[in-house]
Amino acid sequence: MDLLVVARDGDLRRLGPHSLDPATRFVVDHAPCATLLVWPVAAPGVGSIPPPPAHPPR
């Protein structure tokens, strides 16, 4: 297959990999082809992506 279409689940109020339920995240991470996540509602803005974690000073 060339494309796997997956229904989006999990936290629909924000973007980012941690907003997916574990089963969907596993499929997206391990699919042998491109994946397309289909949202059941309008997707939130990019401002909903949480910032990266702070790195401790060296």
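Described in the following lines is the structure provided in the data block.

Cut-off values and rules
Residues numbered from 1 in each chain as written. Predicted model: local features only at pLDDT ≥ 70, side-chain atom pairs only at ≥ 80, totals over all residues. Heavy atoms only, no water. Helix = DSSP H or I, 4+ residues; strand = E, 2+ residues; numbered from the N terminus. Rg over C-alpha atoms; globule rule 2.2 N^0.38 Å. Buried < 20%, exposed > 50% of the residue type's maximum accessible area, 1.4 Å probe, protein only. Areas by Shrake-Rupley, 256 points an atom, 1.4 Å probe, with all protein chains shown as cover. Lys, Arg positive; Asp, Glu negative; His and termini not counted. Charge placed at Lys NZ, Arg CZ, Asp CG, Glu CD. Polar contact = N/O pair within 3.5 Å; in protein donor to acceptor, adjacent residues only side chain to side chain. Contact = heavy atoms within 4.5 Å.

## Some details on the overall build of the chain
When helices and strands are counted, the chain shows one helix and two strands. Counting from the amino terminus, the chain carries its helices and strands in the arrangement β-α-β. Relative to the compact-globule value of 10 Å for 58 residues, the chain shows a C-alpha radius of gyration of 14 Å, a clear excess of over 25%. Its C-alpha atoms put the chain at 45 × 25 × 15 Å along the principal axes. The 58 residues of the chain split such that 17% are buried. Carbon together with sulfur atoms contributes 65% to the accessible area of the chain, which is approximately 4,600 Å² in total. Positive and negative side-chain charges of the chain, numbering 5 and 5 respectively, have mean locations separated by a distance of 12 Å.

## Some remarks on the side chain of Ser19
For Ser19, the location among the structural elements is in the loop between β1 (3-7) and α1 (22-30). Reaching out from Ser19, the side chain makes a polar contact with the side chain of Arg8 at a distance of 2.5 Å. Ser19 has contacts with Arg8, Asp9, Gly10, Asp11 and Arg14, leaving out every residue within four places of it along the chain.

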